[in-house]
Amino acid sequence: IGFSDKSRKKALLLCIFLGIFGAHRFYIGKIGTGLLMLFIGFLWIVFSIHFKMFYFYLFIPLIIWVIFDLLLIILGKMKDINGNIVWHW
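All values derive from a computational prediction rather than experimental measurement. (Residues numbered from 1 in each chain as written. Predicted model: local features only at pLDDT ≥ 70, side-chain atom pairs only at ≥ 80, totals over all residues. Heavy atoms only, no water.)

Notes on the packing of helix 3 (residues 31-50) against helix 4 (residues 56-75)
Viewed as axis vectors pointing N to C, helix 3 and helix 4 meet at an angle of 140 degrees, and their least axial separation amounts to 9 Å. Of the two possible hands of crossing, helix 3 and helix 4 adopt the one that is left-handed. Counting all contacts with helix 3, which are made through Thr33, Leu36, Met37, Ile40, Gly41, Leu43, Trp44 and Phe47, the residues of helix 4 involved are Tyr57, Leu58, Phe59, Leu62, Trp65, Val66 and Asp69. In terms of residue class, the contact of helix 3 with helix 4 is made up of 12 nonpolar, 2 polar and 1 charged. (Axes fitted to C-alpha atoms, helices over the stretch in contact; angles between N-to-C directions. Helix = DSSP H or I, 4+ residues; strand = E, 2+ residues; numbered from the N terminus. Left-handed = near helix turned anticlockwise from the far one by under 90°. Contact = heavy atoms within 4.5 Å. Nonpolar A, V, L, I, M, F, W, Y, C, P; charged D, E, K, R; others polar.)

Structural data, given as C-alpha cells:
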C-alpha cells in the first residue's frame, strides 16, 4: 500500500461540486460505488421533480455519504481502487 497518483485537491473539488453524483469516486477508480451514488442522486432528482416533493429518504443518506467522503479526503484517508491513499494535493 502506497500513495495514489490521483490528486486529493481534484477529488475534493469533485466531491464538493458533484458529490451526489459520485464524481469523486469515478475519479479515484471506484466505479461501482460511483455508479451507486449516481443512481441514487439521479433517482432523488427525478422523484423530486416528477412528484414535486423533496425525497428525504434518498437525500439524507446520500448527503451523509458525501460528507463522510469529504472528511476522508480532507484527512487524507481516502483510498483509490488499488488501496493506495489519495494523499498528494
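Focus: the side chain of Ser4
Following the sequence through the fold, Ser4 ends up in the segment before helix 1 (8-18). Relative accessible area serves as the criterion here: at 3%, Ser4 is assigned to the buried category. Setting aside residues up to four positions removed in sequence, Ser4 forms contacts with Asp80, Asn84, Ile85, Val86 and His88. (Buried < 20%, exposed > 50% of the residue type's maximum accessible area, 1.4 Å probe, protein only.)

A word on the nonpolar core
Of all hydrophobic cores here, the largest spans 19 residues; its most connected members are Trp44, Leu62, Val66 and Ile73. For this core, the elements supplying multiple residues, two or more each, are helix 1, helix 3 and helix 4. Sorting elements by how many residues they give to this core places helix 4 first, with 7 residues. Not counting residues within four places of it along the chain, the set of residues in contact with Val66 comprises Cys15, Gly19, Ile20 and Met37. (Core = buried A, V, L, I, M, F, W, Y, C linked by side-chain atoms within 4.5 Å.)

Some thoughts on the environment of Lys10
Structurally, the position occupied by Lys10 is in helix 1. Here the alpha-carbon distance between Lys10 and Ile28, two residues 18 residues apart in the chain, equals 9.8 Å.

Some words on helix 1
Three or more residues of helix 1 are buried, namely Arg8, Ala11, Leu12 and Cys15. With its buried residues spanning 100 degrees around the axis, helix 1 presents them on a single face. If you follow the buried residues of helix 1, they end up packed against helix 2 (23-27) and helix 4. (Arc of directions from axis to C-beta.)

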